[in-house]
Amino acid sequence: MPSKLFSISITLTAAVLVAAFPCVTCLAEDTQETDQATKAASPCAGFEEDERDDYRPSDEAIARGDAKARYWQLSHPTFRYVNSDRWLANLGPEPQKYLLQHVDDHNAKARANAIYLLQPAGVPDDQACNIYQKHLTDPCRHVQAVAAVRMMQQGNRSAEVLAALVRNVDSDWYDVRDGIREFGHVAYAPLVAVILDSEQPMQIRNRAQSAFPYGAVAANPAFRPLFAALDSEDPTTRTLAAFTLTQLQDIDDQQRLIEVLIDQIIQDTEYASDAISAIWRQQPVPDPDSYNAILLQRIAAPDSRDIKFTLEHLIVSPSLLQKIATLFEKGHHPSAIAQVFCREDNCLPATPGVLGRLEEMIRTQHGTAEATKALGAMGPKGIQTLLKLAFDTSLPTDGRVLSIFHLSEQLGGGFQSRLTEEDLDRLATLLDDDNPEVAQMTALVLTFAKDTSHDVTSLLLAARSADAYPLNHRHAHDALPTNPQHLAKLVDALVDQARETKQEDNDDTRFYFFAKHGGHSEAACDLVIDAIAHNWESNLDSSDVNDLLVARLRNAIARPDVPGRARLMKAYFDILSVDFHLNDDIDVAAHLGQGPPAGLKKASESSDRELSQNAMLLRSLYEPTSPEVVEALIAMLDSPEDETDSDYQYAAMYRLNQLDERLIPFVPRLAAMLDSPTKRFFASSVLETLGPQGAGAEEKYRELLDNEETFELACRGLIAIGPEAISAAGKVWENGKSREDLKIVAVTLRSLEADTSELQNEFGRRLADPYLKYDALEQLVWLAPDVPIADRYVEALRGNDGEMKLIALEILTQVDVASPQEIVPLLIAEIESGSQMRRELAVQGLGEQHGLPEKSISLLLQIMRNDPELDIYASFSLGDFGEAAAAAVPDLIADLKQKEMQLSAIQVLGKIGPPAHESVPLLTSYAAGKHPVYPESEVDSWDQYEAIESLGHFGPVAESALPTLLSEYRSTKFPDSREIIARSIYQISPSFAAVNGIPRPPEPQPVRMQWSW
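Sequence order sets the numbering: in each chain, residues are counted from 1 along the sequence as written. In keeping with the predicted nature of the model, local features appear solely for residues at pLDDT of at least 70, side-chain atom pairs appear and are counted solely at 80 or more, and the whole-chain, interface and lining totals rest on all residues. Only hydrogens and water are removed before side-chain values are computed, so all heavy atoms of the structure are retained for them.

How would you explain the overall build of the chain if you had to name every residue and give the values?
Along the chain, the regular secondary structure elements total 59 helices and four strands. Atoms considered for the radius of gyration are the C-alpha atoms alone. The globule rule reads 2.2 Å times the number of residues to the power 0.38. Radius of gyration (C-alpha) of the chain: 34 Å, near the 31 Å computed for a compact globule of 1013 residues. Dimensions of the chain, computed from the C-alpha atoms along their principal axes, are close to 90 × 80 × 80 Å. Only protein chains enter the calculation, and the probe is 1.4 Å; a residue is then buried if its accessible area is under 20% of its type maximum, exposed if over 50%, and partly exposed in between. Burial status across the chain gives 54% buried among its 1013 residues. In the structure as shown, the chain presents an accessible area of about 45,800 Å², 49% of it carried by carbon and sulfur atoms. Within this scheme the basic residues Lys and Arg register as positive and the acidic residues Asp and Glu register as negative, but His and the chain ends are omitted. Charged side chains are reduced to one point each, which is NZ for Lys, CZ for Arg, CG for Asp and CD for Glu. Positive and negative side-chain charges in the chain, numbering 90 and 152 respectively, have mean positions lying 2 Å apart. Put simply, DSSP H or I for four residues or longer makes a helix, DSSP E for two residues or longer makes a strand, and each gets a number counted from the N terminus. All accessible areas in this document rest on Shrake-Rupley with a 1.4 Å probe, and a residue is counted as covered only by the protein chains that are shown.

Right, dumping it as structure tokens:
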């Protein structure tokens, strides 16, 4: 049933909790006689019984389906955990009739279950709605919840349904709170009323806090009672109000809120830990020194609770670390402190007292793991302590092995040594230690350090064994010898092991190891191929494979008798493509240039469906425009549901989406597929790539507009066709005007170049509604720029509704509403006096509203230079002004020399272009993958390619960068990367590109409007 737009303009307060207005979509039905006395005595009978199996009928009785067994099948299950179709089947013949007989049962569990099953049993909507309506006021709240959720799922958004859901906000059924969130802003006031109602049970008040949608804004007027409640005489109400507000966005003044939460911490109430967490989430924390002081008192107290939690929520600073170190030296919670403060970015200072305490923890085996990790993060003094412990044979194995392990720092998926060359030589003497676990960990750490002089193959093999010391075994797979001979030796040894032992293929990481590092060994590659053929779920991609494996996989595919040939084809296809597009991580052109594997065409004609489909997908990489291949891919989309699965349909769809006008002859067939629920998504996706050339599907899209479930898909298809489908505009409006979200309607009507005056009137009506105005203001932007909308955003910025302001600011960061004389001063006012979130948005908005560049640029320069909380936003906004922002160049060049601000500087300098020519040498260094000031620092590939693109925007003034760009072009094997570099070279000097044989790259494809949301 289509959803019905809910619009009420009355103030919803606590009274809505007991509202009993008539249902707006259905009429009440006379109730049948029930045992009222039983209901009154125990309104939730059935839900309250714990030992339900005491009266369970025998299996024979259940199989016979006698009356008692049938009733047990209805009343026993918990509805939210049971498959509805299977449940109905268990209820015997005529389940619909049986359910209708029990919707008023004296047993509340049977009643709730019967009501829940009405919809899947096929009871007509009107009849079911009458039953739901009656049970909104059922004596049992569990039954109320089921009835309310079902009504909401039918599209009913009445105040009565919302009241029933809010009354049951503490239900374990997540659909209740999800249903409340579906009401959006309308639900705010009733939830606030519950939270502040001291007569409500605490469980309901607490659960109400979790029912607000994510991203709810504190500035909404519905939340004003929460701010007032911060001064309530009832401490519980104060606390609940504070906790609720911390979950909301954009709180202007946090002072009173923080005071209430601090009071909970000082008094060490049951909510103290929650208060700590709530304050810590308010980044930046107001007055961090006072906050830390209170937490330190809590930590130092003898009987404090949740010490580790409290430590984790301190605001770290150098002065704080000194105070924590003092507590640690005195023996306050050493294990917890070591565990929390043992990271490079907030490690305890390496004082003699701290080092001594950590060493004592290791020697006494009280917190060995935490202490060794902390020492590793403490710099040279900590490292030397770990080395001393590693050589101490009197220590238990745990202490020595962990001391060696933390001589390396774990970074992402790898390790980086913390040792000097001299320390590494000293550590290497432990390779011969009598303790095998110590020797194995030493081998691992030396391998992490990229040591090439010691052959530790036997120790690495031992560490990989199932009976190895757990820490050694866990990290043995991370140890990759840098010496090629040693790596080959390790691979060969593991190949021998794999031949001798049989392990569960799906759990064996050796095959990934062989695929990536077995490039010298045919045996290693063949083991991988054999595993794939025998159902190993490889999920290999280009970064996991070596060239020899790809070659042998190709050869294996060519053999008609090879086991698992279809699976091998799929693996080969996956390696050459990512998400069904050609892979830019490997030189796909070189692989495809060899031509298709022998026998591929014949395999694509096989009667074995799995083999033929995988072969055809593989052929589509070699012969993408072949009529035979295109026809076969269309057939995959059009296959009956039981003959192909969605993976093949997705693959075919993505391959077809690259073909454009070659698909025109298939438009009628694709349009016919729109009738099938299992095919229409794939067919429509392909049709949309044709744009106006897919107009042959217009009539089908018009039909799909009548169905709520297919309305958006139909709109997207019409958007792609464009003005040629103008005749569908009336139907789009008629079927879309009552939708809660008008975005798709607005975009469709604009794309069809249809009259939007009625839509504008509808937006006006919704903007006047106290609950609908928020969504309406967000959606209104989709009429721009065809319709003047600036006045609506001006009105929101000048108004008193903080959430409307926030929405307007978010829109103004995305769209230039072409009214700078009014908008820019309002943005400046928000920067000067708004909340932190609104200030950030206003700064970004100045970059989008371009009409007053002198005024905006001057302010943005000041912010970039003087406001560390907004400087990054100001920098990007300045870039939006292009060459007019040349005054920012010296500051951006300074950022370019830093380690943390370079990405924004690179991008903004490229937007400014030629006036920033002084930055070309620095950008050229980035383009070469080298930091211009810190050559030892590795430049991220993202920074590198941003620099390459930025240099292109400079045009001829970046001529000095051409040799570097040419070198990068010739050294990369990735097609997408070459295209980016080639485009920049052509922008700087087309003649240089031509002389050096660089093909002109295609122009970037414009973003398709239908995917813009």
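We are not done yet, so read on.
With reference to specific residues and values, describe unusual backbone geometry.
Phi angles above zero are rare outside glycine, and H333 is one such case at about 50°. Considering the arrangement of structural elements, one finds H333 in the loop between α19 (318-329) and α20 (334-340). Its identity is not glycine, yet A818 carries a phi of approximately 60°, on the positive side. Topologically, A818 is positioned in the loop between α48 (802-812) and α49 (820-833). Accessibility expressed as a relative area gives 64% for A818, which makes it exposed.

Any chance you could break down empty space enclosed by the protein for me, citing the residues and the numbers?
Points on a 1 Å grid, built from protein atoms alone, make a cavity when a 1.4 Å probe fits but cannot get out and make a pocket when they are open with protein on both sides within 12 Å along at least 5 of 7 lines; residues with an atom within 4 Å of a point are the lining residues. Grid points are joined across faces, edges and corners, and a volume is the space filled by probe spheres set on the points. Applying the stated criterion across every chain, the model contains one cavity of 30 Å³ or more. In this structure, the largest cavity encloses a volume near 50 Å³. If you trace the largest cavity, you find it lined by L446, T447, D451, H454, V456, P481, T482, N483 and H486. Think of it as three bins: nonpolar holds Ala, Val, Leu, Ile, Met, Phe, Trp, Tyr, Cys and Pro, charged holds Asp, Glu, Lys and Arg, and polar takes everything else, Gly as well. Residues that form the lining of the largest cavity fall into these classes: three nonpolar, five polar and one charged.

Can you tell me about a negative patch on the surface, naming the residues and giving the values?
Patch membership is restricted to residues that have no salt bridge and whose relative accessible area is over 30%. Joining uses 9 Å for like charges and 5 Å for the nonpolar side chains Val, Leu, Ile, Met, Phe, Trp and Tyr. Each reported salt bridge corresponds to a side-chain nitrogen of Lys or Arg within 4 Å of a carboxyl oxygen of Asp or Glu. On the surface, a cluster of negative charge is contributed by D741, D775, E778 and E810. For D741, the position within the fold is in the loop between α43 (729-736) and α44 (743-751). Relative accessible area serves as the criterion here: at 33%, D741 is assigned to the partly exposed category.

Now, about the packing of aromatic side chains: what can you tell me, with residues and values included?
Two aromatic rings from Phe, Tyr or Trp, using only the six-membered ring of Trp, form a pair when their centres are within 6.5 Å; if the ring planes differ by under 30 degrees the pair is stacked, by over 60 it is edge-to-face, and anything between is tilted. If you walk through the whole model with that rule in mind, you get 14 aromatic pairs. Here the aromatic rings of F405 and F415 are separated by 5.8 Å at their centres, their planes lie at 70°, and the arrangement is edge-to-face. Placement of F405 in helix α24 (residues 397-405) and of F415 in strand β2 (residues 414-417) is noted, with a sequence separation of ten residues between them. In this pair, the class of F405 matches that of F415, namely buried. Centroid distance Y512 to W536: 4.9 Å. Interplanar angle 70°. Geometry classified as edge-to-face. Of this pair, Y512 sits in helix α30 (residues 510-517) while W536 sits in the loop between α31 (522-533) and α32 (547-557); the two residues are 24 residues apart in sequence, bridging distant segments of the chain. For Y512, a relative accessible area of 31% gives the class partly exposed. Each member of the aromatic cluster is reached from another via a ring pair, and the members are F511, Y512, F514 and W536. The rule for a charge over a ring is simple: NZ of Lys or CZ of Arg within 6 Å of the ring centre, and within 35 degrees of the ring normal. Over the aromatic face of Y116 sits the side chain of R150, whose NZ or CZ is 4.3 Å from the ring centroid.

Residue-level account of α49, with values.
Over its 14 residues, α49 runs 20 Å from end to end, which matches the ideal 20 Å to within 8%, given 1.5 Å per residue. Here α49 has its buried residues at P820, I823, V824, L826, L827, I828, E830 and I831. For this analysis, residues touch if any pair of their heavy atoms sits within 4.5 Å. Considering only its buried residues, α49 is in contact with α47 (790-798), α48, α50 (836-848) and α51 (853-866). Every helix has an expected span of 1.5 Å times one less than the residues it contains.

Give a description of the state of the cysteines that names residues and reports values.
Here, two cysteine sulfur atoms that lie within 2.5 Å of each other are counted as a disulfide. This structure, assessed with the given rule, holds one disulfide. The disulfide that involves C44 links it to C140, with 2.2 Å between the sulfurs. Looking down the S-S bond of the C44 and C140 bridge, the torsion is 105°, so its handedness is right-handed. Taken together, the residues span a long stretch of sequence, with C44 in the loop between α1 (36-41) and α2 (59-64) and C140 in the loop between α7 (125-134) and α8 (141-153) at a distance of 96 residues. Since its relative accessible area comes to 0%, C140 is described here as buried.

Would you mind going over the pattern of salt bridges in detail, with residue names and values included?
A complete count under the given rule lists 46 salt bridges for this structure. A salt bridge links D392 to R363; the shortest N-O distance between them is 2.6 Å. Here the residue D392 occupies a position in the loop between α23 (380-390) and α24, and R363 occupies one in helix α21 (residues 352-363), the gap between them amounting to 29 residues. Take D392: its relative accessible area is 16%, and that puts it in the buried class.

Outline the packing of helix α55 (residues 920-927) against helix α56 (residues 941-954), supporting the account with residue identities and numerical values.
With axes taken as lines fitted to C-alpha atoms, and helix axes fitted only over the stretch in contact, angles between N-to-C directions fall between 0 and 180 degrees. Running from N to C, α55 and α56 point in directions that differ by 140°, and their axes come no closer than 7 Å. In terms of their interaxial angle, α55 and α56 are classed as oblique. The element α55 and its partner α56 pack so that their crossing is left-handed. Across from V920, L923, T924, Y926 and A927 in α55, the residues of α56 making contact are Q944, A947, I948, L951 and F954. Among the residues making up the contact of α55 with α56, the classes are represented as eight nonpolar, two polar and no charged. In this scheme, roughly parallel covers angles under 35 degrees and roughly antiparallel covers those over 145, while 65 to 115 is roughly perpendicular and the rest are oblique. The crossing is said to be left-handed when, going from far helix to near helix, the turn is anticlockwise and less than a right angle, and right-handed when the turn is clockwise.

Requested: an account of the environment of R499, with residues and values cited.
Structurally, the position occupied by R499 is in helix α29 (residues 484-500). Considered as a pair, R499 and A242 are 257 residues apart in the sequence and their alpha carbons are 64 Å apart.

Let's hear about the side chain of D104: which residues, and what values?
As for its position among the elements, D104 is in the loop between α5 (95-102) and α6 (108-117). For this analysis, a polar contact is any N or O atom pair within 3.5 Å, provided that within protein one partner can donate a hydrogen and the other can accept it, and provided that sequence-adjacent residues contribute only side-chain to side-chain pairs. A polar contact of 2.9 Å, which involves the side chain of D104, links it to the side chain of K134. Reaching out from D104, the side chain makes a polar contact with the side chain of H135 at a distance of 3.1 Å.

Please give an account of the environment of T137 that cites residues and values.
Looking at where T137 falls in the secondary structure, it is placed in the loop between α7 and α8. Considered as a pair, T137 and A369 are 232 residues apart in the sequence and their alpha carbons are 58 Å apart. A distance of 3.4 Å separates a polar atom in the side chain of T137 from the backbone oxygen of K134.

How would you explain the confidence of the model for the chain if you had to name every residue and give the values?
What pLDDT reports is the predictor's confidence in each residue, on a scale of 0 through 100. The share of residues in the chain with pLDDT of 70 or more is 90%, and the mean pLDDT across the chain is 87. Segment residues 1-34 is flagged for pLDDT under 50; beyond a separation of four residues in sequence, or across chains, it makes 86 contacts in the model. Under a pLDDT of 50 for its full length, residues 1007-1013 has, in the predicted model, 16 contacts with residues more than four places off or in other chains.

Tell me what's going on with helix α15 (residues 255-266), and back it up with residues and numbers.
Spanning twelve residues, α15 covers 16 Å between terminal C-alpha atoms, matching the ideal 16 Å at 1.5 Å per step. When α15 is considered as a whole, its buried residues turn out to be L257, I258, V260, L261, I262, Q264 and I265. Along its buried surface, α15 packs onto α14 (235-246), α16 (272-281) and α17 (288-300). In the segment just after α15, D268 is the residue with positive phi, at about 50°.

Which residues make up the environment of Y291, and what are the values?
Mapped onto the fold, Y291 is located in helix α17. Separated by 150 residues in the primary sequence, Y291 and R141 place their C-alpha atoms 42 Å from one another.

For the side chain of S604, give the residues involved together with the corresponding values.
Secondary-structure assignment places S604 in helix α35 (residues 600-604). For S604, a relative accessible area of 10% translates into the label buried. If we skip the residues at most four places from it in the chain, S604 touches S612, A615, M616 and R619.

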